[in-house]
Amino acid sequence: MPAVIVLGTQWGDEGKGKATDQLGQRTDVVVKFNGGNNAGHTVVVNGEKYALHLLPAGILSEGVTPVIGNGVVVDLEVLFEELAEMERRGVDVSRLLISANAHIIPSYNRVMDRATEKSLGERQIGTTGRGIGPTYADKMNRIGLRIQDLFDESILRQKVRSALVGKNTTLEALGGTAIDPETVIAELLSYVERVRPMVVDASLVVNDALDNGKMVLFEGGQATMLDIDHGTYPFVTSSNPTAGGALTGTGVGPTRIDAVVGVAKAYTTRVGEGPFPTELTDEVGQALREKGGEFGVTTGRPRRCGWFDSVVVRYSTRINGLTDICLTKLDVLTGYETIPVCVAYEVDGVRMDEMPMDQSSFHHAAPIYEELPGWIEDISDVRRFEDLPTNAQAYVLRLEELCRCRISSIGVGPGREATIVRMPIAD
């Protein structure tokens, strides 16, 4: 299977890092296609936990070429800190490649991000404050800095000075302090020689790999419900973490993709602001958070927790054209007498089986639940589907039916090996 896209089907934190890492063990190239260091993937290898932010999960698989695609925004300070940490732990990071067209997150965009978010008051989006949004805005406004600009000092100076004219005006209006362009330029130039060996035409690298029969894994940050076009706008990220984003974020055509794998948690979580129909704000939600270890990899923020929402995952199946679902954290649900699953919404007395068309309706959507019997057996050591408790099997099969996509693998613990493979991807 030469080309596989792996992405989130909910609001992120579904376990994409683990899924990508597992597939990456038999992959030649892993290319990250969107987002920046506002997202985090946790991968556990031989009992060791790795927290990845900018680096593709493929960095942990020997022999894999990890690529940062053009759709990613790169904080160079964070990148080299992460590389240094991986090297300290014995990971070979010399294989990393970066697209010349990827955009740089300059330090002034971190300042802009925090200042703008603060000015919104009660209407805050819940941004991580890492400059992601302002950098994508600069990209669309055609004033952004790209990796390739580091190698032409005159262009770099011109772009930084020009961008800061308007940004400093905004910062001062928000009560902040103007930023010295020369300080920013000096900081960026300090990375030139370190980043130079990594920079490539990523589209050419990926397409050449596919031409030569190699397997390429496309890794998405965030998730479908945070997509700038298809998510719960405006409480979304600034990029396209959906299947279409994998194409534009790497420079690969749609006819080259063989499978689209959606990762879904066996319940639902969300970080930041925005609607969340199945959210549990009581002690049940708190217990689910503690049991599932639901705290952000990047920010440490506690995640909002709720029951599985099949309307959301069914929507993701449609938006992305999913061929398979990897279900994660099924073990966290052990011990519940019954487990509610949202099968539809009620909005102003009307049942909706699909995602509401308008955001206002979604804000007011009340979940319609179907109660499924739970199980008490420890399933963390189970490796075959037929060895799961009967009720756990029934839970998976019902989710598969509701989401209209087959569930190919099931996570029963955090480790790389704690996975039940029901069937090969897109077999």
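Our structure is the block above this text.
Bear in mind that the values here come from a model prediction, so they are computed numbers and not experimental data.

Q: Where do I start with the overall build of the protein in this structure?
A: A count of helical and extended segments in the protein gives 13 helices and 20 strands. Over its C-alpha trace the protein gives a radius of gyration of 22 Å, about what one expects of a compact globule, namely 22 Å for 427 residues. In terms of its C-alpha atoms, the protein occupies a principal-axis envelope of roughly 65 × 50 × 40 Å. Every one of the 427 residues in the protein was classed for burial, and the buried ones make up 57%. By sequence separation, contacts in the protein at least 24 residues apart represent 75% of the contacts at least 6 residues apart.

Q: For this particular structure, what's the right way to read the pattern of salt bridges?
A: Note that side chains of opposite charge can pair when their charged atoms are close. Taken as a whole, this structure holds 27 salt bridges when the rule is applied. Taken together, the shared-partner salt bridges connect Asp13, Lys265, Glu294, Arg303 and Lys329 into one network.

Q: Please clarify how the packing of helix H5 (residues 153-173) against helix H6 (residues 181-189) should be interpreted in this entry.
A: Geometry of a packed helix pair, given as the angle between the helix axes and the separation of the axes. Axis separation between H5 and H6 bottoms out at 10 Å; the angle between their running directions is 140°. As far as their axial angle goes, H6 and H5 are oblique. Crossing of H5 over H6 shows right-handed handedness. Two secondary-structure elements touch here, H5 through Glu153, Leu156, Arg157, Val160, Arg161 and Leu164 and H6 through Pro181, Glu182, Val184, Ile185, Leu188 and Leu189. When grouped by side-chain class, the residues that make up the contact of H5 with H6 number 8 nonpolar, no polar and 4 charged.

Q: Would you mind going over unusual backbone geometry with me for this structure?
A: Among all residues save glycine, negative phi is the norm, and among peptide bonds the norm is trans. The omega torsion across Tyr233 and Pro234 is 5°, close enough to zero to call that bond cis. Looking at where Pro234 falls in the secondary structure, it is placed in the loop between strand S10 (216-219) and helix H9 (243-248). Phi angles above zero are rare outside glycine, and Lys329 is one such case at about 60°. Along the chain, Lys329 falls in the loop between strand S15 (324-328) and strand S16 (338-347).

Q: Even after reading the chapter, I still don't get the nonpolar core, so can you show me in this structure?
A: Counting 59 residues, the largest nonpolar core has Phe218, Leu330, Leu333 and Tyr395 as its most contacted members. Here the element with the most residues in this core is helix H13 (residues 390-403); it accounts for 6 residues. Residues in contact with Tyr395, not counting those within four places in the same chain, are Ala266, Phe308, Leu330, Leu333, Ile339, Val341, Leu372 and Trp375. Leu60, Met86, Leu96 and Val195 belong to the second-largest nonpolar core, a separate cluster that totals 42 residues.

Q: For this particular structure, what's the right way to read the packing of aromatic side chains?
A: Aromatic rings in a pair are described by how distant their centres are and how their planes are angled relative to each other. Under the definition given, this model contains 6 aromatic pairs. Between Phe80 and Tyr191, the aromatic rings sit 5.7 Å apart at their centres with planes inclined by 5°, giving stacked as the arrangement. Here Phe80 is found in helix H2 (residues 76-88), whereas its partner Tyr191 is found in the loop between H6 and helix H7 (192-195), with 111 residues between them in sequence. Comparing Phe80 with Tyr191, the two get one shared label, buried.

Q: Explanation requested: H6 in the structure shown.
A: Each turn of an α-helix holds 3.6 residues, which means side chains three or four residues apart point in the same direction. Taken residue by residue, H6 has Val184, Ile185 and Leu188 as its buried positions. Viewed end-on, H6 has its buried residues packed into an arc of 100°, placing them on one side of the element. Where H6 begins, the side chain of Asp180 points an oxygen toward the backbone nitrogen of Glu182, at a separation of 3.2 Å.

Q: It is not clear to me how the environment of Ile155 should be interpreted in this structure. Could you clarify?
A: Along the chain, Ile155 falls in helix H5. Assessed through its relative accessible area of 33%, Ile155 is described here as partly exposed.

Q: Before we go on, may I ask you to explain the sheet that holds strand S19 (residues 407-411) in this structure?
A: Pairing between sheet strands relies on hydrogen bonds along the backbone, with the strands arranged either parallel or antiparallel. Across the sheet, 10 strands lie side by side as S9-S7-S5-S2-S10-S1-S11-S15-S19-S20; this open sheet has mixed pairing. The two strands at the open ends of the sheet, each matched to only one other strand, are strand S9 (199-200) and strand S20 (419-421). Direction of pairing for strand S2 (residues 29-32) relative to S10: parallel, over a ladder of 4 bridges. Bridge assignment links Val31 to a residue of S10, and that residue is Phe218. Running over the sheet, helix H8 (residues 202-211) touches strand S1 (3-8), S2, strand S5 (65-68), strand S7 (97-99), S9 and S10 and is turned about 140° from S10.

Q: Mind showing me how you'd approach helix H10 (residues 283-292) here?
A: Looking only at H10, the buried set comprises Gly285, Leu288, Arg289 and Gly292. Within H10, the buried residues cover an arc of 100° as seen down the axis, which keeps them to one side. The inward-facing, buried residues of H10 abut strand S13 (304-306). Positive phi shows up at Gly293, right after H10, with a value of about 60°.

Q: Any chance you could explain the environment of Met355 here in plain terms?
A: Among the structural elements, Met355 can be located in the loop between strand S17 (350-352) and helix H12 (359-363). Given a relative accessible area of 13%, Met355 falls into the buried group. Sequence spacing of Met355 and Val382 is 27 residues, and the spatial spacing of their C-alpha atoms is 34 Å. Contacts of Met355, omitting those with residues within four sequence positions, involve Met225, Val311, Val312, Tyr315, Tyr345 and Phe362.

Cut-offs used in this document
Residues numbered from 1 in each chain as written. Predicted model: local features only at pLDDT ≥ 70, side-chain atom pairs only at ≥ 80, totals over all residues. Heavy atoms only, no water. Helix = DSSP H or I, 4+ residues; strand = E, 2+ residues; numbered from the N terminus. Rg over C-alpha atoms; globule rule 2.2 N^0.38 Å. Buried < 20%, exposed > 50% of the residue type's maximum accessible area, 1.4 Å probe, protein only. Contact = heavy atoms within 4.5 Å. Salt bridge = Lys/Arg side-chain N within 4 Å of Asp/Glu carboxyl O. Axes fitted to C-alpha atoms, helices over the stretch in contact; angles between N-to-C directions. Parallel < 35°, antiparallel > 145°, perpendicular 65-115°, else oblique. Left-handed = near helix turned anticlockwise from the far one by under 90°. Nonpolar A, V, L, I, M, F, W, Y, C, P; charged D, E, K, R; others polar. Core = buried A, V, L, I, M, F, W, Y, C linked by side-chain atoms within 4.5 Å. Phe/Tyr/Trp six-rings, centres within 6.5 Å; stacked < 30°, edge-to-face > 60°. Arc of directions from axis to C-beta. Polar contact = N/O pair within 3.5 Å; in protein donor to acceptor, adjacent residues only side chain to side chain. Pairing = 2+ DSSP bridges.

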